[in-house]
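Working through the structure, step by step
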Amino acid sequence: MSSHYGWKVGQPLPKLGAHSLAKHQVFADYTRKYLHILSPMLQKTELRLTIVDGFCGGGAYDLNGTVTAGSPLILLRAVKAAEIELANARQHGFTIHCDFYFVDRKANHTAFLMEEIQNSEFSERIGRDIHIITGDFDEKAPEIVAAIKAKGRSQRSLFFLDQYGWSAVSFETVRGLFRELANPEVLITFSVDTLINYLTDQTSKMRAGQRIELSPLLGEALKDMRTERAQRAVIQGFLYKHIIDRTGAAFYTPFFIRSPQSRWSYWLIHLSMHARARDEMARRHWDLSNTFSHPGKSGFNALGYDPSIDNNQLNLEFDFGTNARIDSVNAAVEQLPRMINDGSAGDSTPVSLSELFVAHCNETPLTMSLVSEAVVRLRDEYNEIEIFDSEGRLRPRATKLSNLDRVRAKKQQNFLRTLHRPRNT
């Protein structure tokens, strides 16, 4: 977020907010989990990937009077920690070959970062696999993509695009990452509050609006919204479809990061081509339930703008606490029977849990484990479905399900119990 924070060698550090600290924790936790997911086999002894921090800043902050690391050192240390964990689990050790690209458009920031890394445990890697680049990320992205492609066919890469505002990264650049690379994932911050405050019927014609390819219809729609909450509903619904259409990602996870100074802050959006990656990111949000909220309701079909609803009356609050978990599972119990029927090729053809999740996961705060919990309840409490393993064997008592397990509605459903299924209101 280099437009908001400022670094200059010899000057005081910028102060880090608690909500930004939580965001950095997500970056670190997800990076470590990502590396474990990519290395499941104990026989594997090495992994190659690239991590790009497109708005890296100076690499250090003042947090309540204490110096704390910024995203570059957080990511370096997350990879090192994962490497140690993976090596300890293997007889012949494990090595992560990771190239890091830290990009910032301000020379003061990259100079400060250079000094921070030179004074760290990673100093000897500068210029070898740590690359500090001064420049605009959109302009530097093609050369970084070319370097990733030159490394081989897997092209495993994580892009952390922690922009300040909503238009520092163009959607064309993000599309290029998914178009050019085999296995990219992108985490991008998006200040919805700033967009709400800035948006008029002219925004789409300005350079900022053009960078994210805003439609003029969005500004027109806001004229009829009486409250800021209603405006958020419209913008949320627009971005829901717009991000899918314009970024090229198959899966995404949008969540609000709360700021102590305001009720809403900004979106942290995870974009990927894999449902497993999306599920793991959603798990990170549930783990940090005191910081994140979801811009929608419980269950499936939780996102998206429905013009038939009076958005001036919408309540978009969804946190990740105990009640939210209960509401989410209850909603899934209500919604899954129809989805199971719709997903089956015929009355006797079961549908896999993985297929169900992939078809609907972009629209929900639910994780695969919560979906599995709801499926088990539908079998045990309501006698509505049957569960089979991947070989077609019935699983009448299993409580820990595999993604490959398959489900099918019972031909003679217990309609009395169906009426008493919990309703998500």
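**Brief notes about unusual backbone geometry**
The backbone phi angle of E213 is positive, close to 60 degrees, even though this residue is not glycine. Tracing the sequence through the fold places E213 in the loop between α7 (207-211) and α8 (216-222). With a phi angle near 55 degrees, N383 is a residue other than glycine that sits in the positive phi range.

**With respect to the packing of aromatic side chains**
This model, assessed by the stated rule, comprises eight aromatic pairs. One aromatic cluster in this structure is built from Y5, W7 and Y61.

**Some thoughts on the nonpolar core**
Grouped together as the largest cluster of nonpolar side chains are 41 residues, with contacts concentrated most on F159, F190, I235 and L271. Non-local contacts of F159, meaning those with residues more than four positions away in its chain, are made with V52, F137, I148, L177, L181, P184, E185, V186 and L187. Membership of the second largest hydrophobic core comes to 36 residues, among which are I74, A78, I117 and F122.

**As for the sheet that holds strand β13 (residues 406-409)**
In space, the three strands of this open sheet follow the order β11-β13-β12, with antiparallel pairing throughout. Edge positions in the sheet fall to β11 (351-352) and β12 (385-388), since each has one partner strand and no second. Across two bridges, β11 lies against β13 in antiparallel orientation. Bridge pairing links S352 to R406 in β13. Along the sheet, helix α13 (residues 368-380) contacts β12 and β13; its crossing angle with β12, the most-contacted strand, is approximately 120 degrees.

**Side note on helix α3 (residues 107-118)**
Residues that lie three or four places apart on an α-helix share one face, since the helix turns once every 3.6 residues. An ideal rise of 1.5 Å per residue puts 16 Å on 12 residues; α3 measures up with 16 Å between its terminal C-alpha atoms. Of all the positions in α3, only H109, T110, F112, L113 and I117 are classed as buried. Looking down the long axis of α3, one finds its buried residues gathered within 160 degrees of arc, a one-sided arrangement. At its buried positions, α3 is contacted by β2 (60-63), α2 (71-88), β4 (95-104) and β5 (130-134).

**Side note on the environment of F160**
Inspection of the secondary structure puts F160 in strand β6 (residues 156-161). Judged by relative accessible area, which is 1%, F160 ranks as buried. With 29 residues separating them in the primary sequence, F160 and T189 have C-alpha atoms 8.7 Å apart.

**Looking at the pattern of salt bridges**
Any two side chains of opposite charge can pair if their charged atoms end up close together. Inspection of the entire model under this criterion finds 21 salt bridges. One salt bridge in this structure joins K80 and E83, with 3.2 Å as the shortest N-O distance. Of the two residues, K80 and E83 are both situated in helix α2; the distance of three residues between them amounts to about one turn of the helix. By relative accessible area, which is 13% here, E83 ends up buried. The shortest N-O distance in the salt bridge between D129 and R125 comes to 3.0 Å. Using a relative accessible area of 19% as the deciding quantity, one classes R125 as buried. Taken together, the shared-partner salt bridges connect K149, E172, R175, R179, E180, E213 and R246 into one network.

**Section: the pairing of strand β1 (residues 46-53)**
Summarising burial for β1: six of the eight residues are buried, a large majority. Direction of pairing for β1 relative to β4: parallel, over a ladder of eight bridges. Across the sheet, the residue bridging to L49 is C98, located in β4. Pairing of β1 with β6 involves four bridges; the strand directions are parallel. Bridging across to β6, D53 finds its partner in F160.

**Quick notes on the packing of helix α4 (residues 137-150) against helix α5 (residues 171-180)**
Where α4 meets α5, the axes come as close as 10 Å, and the angle between the chain directions of the two elements is 5 degrees. Taken as axis vectors, α4 and α5 run roughly parallel relative to one another. In this structure, α4 uses F137, D138, A141, V145 and K149 to contact α5, whose residues at the interface are T173, L177 and E180. Partitioned by chemical class, the residues of the contact of α4 with α5 number four nonpolar, one polar and three charged.

Analysis parameters
Residues numbered from 1 in each chain as written. Predicted model: local features only at pLDDT ≥ 70, side-chain atom pairs only at ≥ 80, totals over all residues. Heavy atoms only, no water. Helix = DSSP H or I, 4+ residues; strand = E, 2+ residues; numbered from the N terminus. Phe/Tyr/Trp six-rings, centres within 6.5 Å; stacked < 30°, edge-to-face > 60°. Core = buried A, V, L, I, M, F, W, Y, C linked by side-chain atoms within 4.5 Å. Buried < 20%, exposed > 50% of the residue type's maximum accessible area, 1.4 Å probe, protein only. Contact = heavy atoms within 4.5 Å. Pairing = 2+ DSSP bridges. Axes fitted to C-alpha atoms, helices over the stretch in contact; angles between N-to-C directions. Expected span 1.5 Å × (residues − 1). Arc of directions from axis to C-beta. Salt bridge = Lys/Arg side-chain N within 4 Å of Asp/Glu carboxyl O. Parallel < 35°, antiparallel > 145°, perpendicular 65-115°, else oblique. Nonpolar A, V, L, I, M, F, W, Y, C, P; charged D, E, K, R; others polar.

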